[in-house]
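Chain by chain, the residues:
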Amino acid sequence: ELMDIDIKSKPSRPPWYERHVQPCLAELVGSALFIFVGCLSVVEDSGGTGRLQPALAHGLALAITIAVLGDI
């Protein structure tokens, strides 16, 4: 009678690029987009919008950053 032996192998570690470089680049791109869009929304602020335009711009920039870079 033969016994089935399950051999569990160690999960392979991702390469150094995916562990170190990719998260740093994602943080850099996400922060740059967030700051760039936020500053442009304040510069291009028309008289009647008040605080609404910068708040919406920051919220949309954050949502886009999370949607694009969230899986990293």
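Residues numbered from 1 in each chain as written. Predicted model: local features only at pLDDT ≥ 70, side-chain atom pairs only at ≥ 80, totals over all residues. Heavy atoms only, no water.

- The protein chain has the name AQP8 protein in an unreviewed UniProt entry, where Grallaria varia is given as its organism.

### Considering the overall build of the protein chain
Here is step 1 of the chain: What the protein chain contains, in helices and strands, is two helices and zero strands.
Here is step 2 of the chain: Relative to its full complement of 72 residues, the protein chain shows a buried share of 11%.
Here is step 3 of the chain: When the accessible area of the protein chain is evaluated, it comes to approximately 6400 Å², of which 66% is carbon and sulfur surface. (Helix = DSSP H or I, 4+ residues; strand = E, 2+ residues; numbered from the N terminus. Buried < 20%, exposed > 50% of the residue type's maximum accessible area, 1.4 Å probe, protein only. Areas by Shrake-Rupley, 256 points an atom, 1.4 Å probe, with all protein chains shown as cover.)

### Brief notes about the packing of helix α1 (residues 16-43) against helix α2 (residues 52-69)
Here is step 1 of the chain: Remark: α1 packs on α2, axes separated minimally by 8 Å, with the N-to-C direction vectors making an angle of 160 degrees. One finds that α1 runs roughly antiparallel with respect to α2. Handedness of the α1/α2 crossing: right-handed. Packed against α1, whose contacting residues are Ala26, Val29, Gly30, Leu33, Phe34, Val37, Gly38, Ser41 and Val42, the element α2 presents Gln53, Pro54, Ala57, His58, Ala61, Leu62, Ile64, Thr65 and Leu69 at the interface.
Here is step 2 of the chain: Among the residues forming the contact of α1 with α2, the class breakdown is 12 nonpolar, six polar and no charged. (Axes fitted to C-alpha atoms, helices over the stretch in contact; angles between N-to-C directions. Parallel < 35°, antiparallel > 145°, perpendicular 65-115°, else oblique. Left-handed = near helix turned anticlockwise from the far one by under 90°. Contact = heavy atoms within 4.5 Å. Nonpolar A, V, L, I, M, F, W, Y, C, P; charged D, E, K, R; others polar.)

### Here's the deal with the packing of aromatic side chains
Here is step 1 of the chain: Evaluated as defined, the whole model comprises one aromatic pair.
Here is step 2 of the chain: Between Trp16 and Tyr17 the ring centres are 6.4 Å apart and the planes differ by 90 degrees, which places this aromatic pair in the edge-to-face class.
Here is step 3 of the chain: Note on Trp16: relative accessible area 55%, which makes it exposed. (Phe/Tyr/Trp six-rings, centres within 6.5 Å; stacked < 30°, edge-to-face > 60°.)

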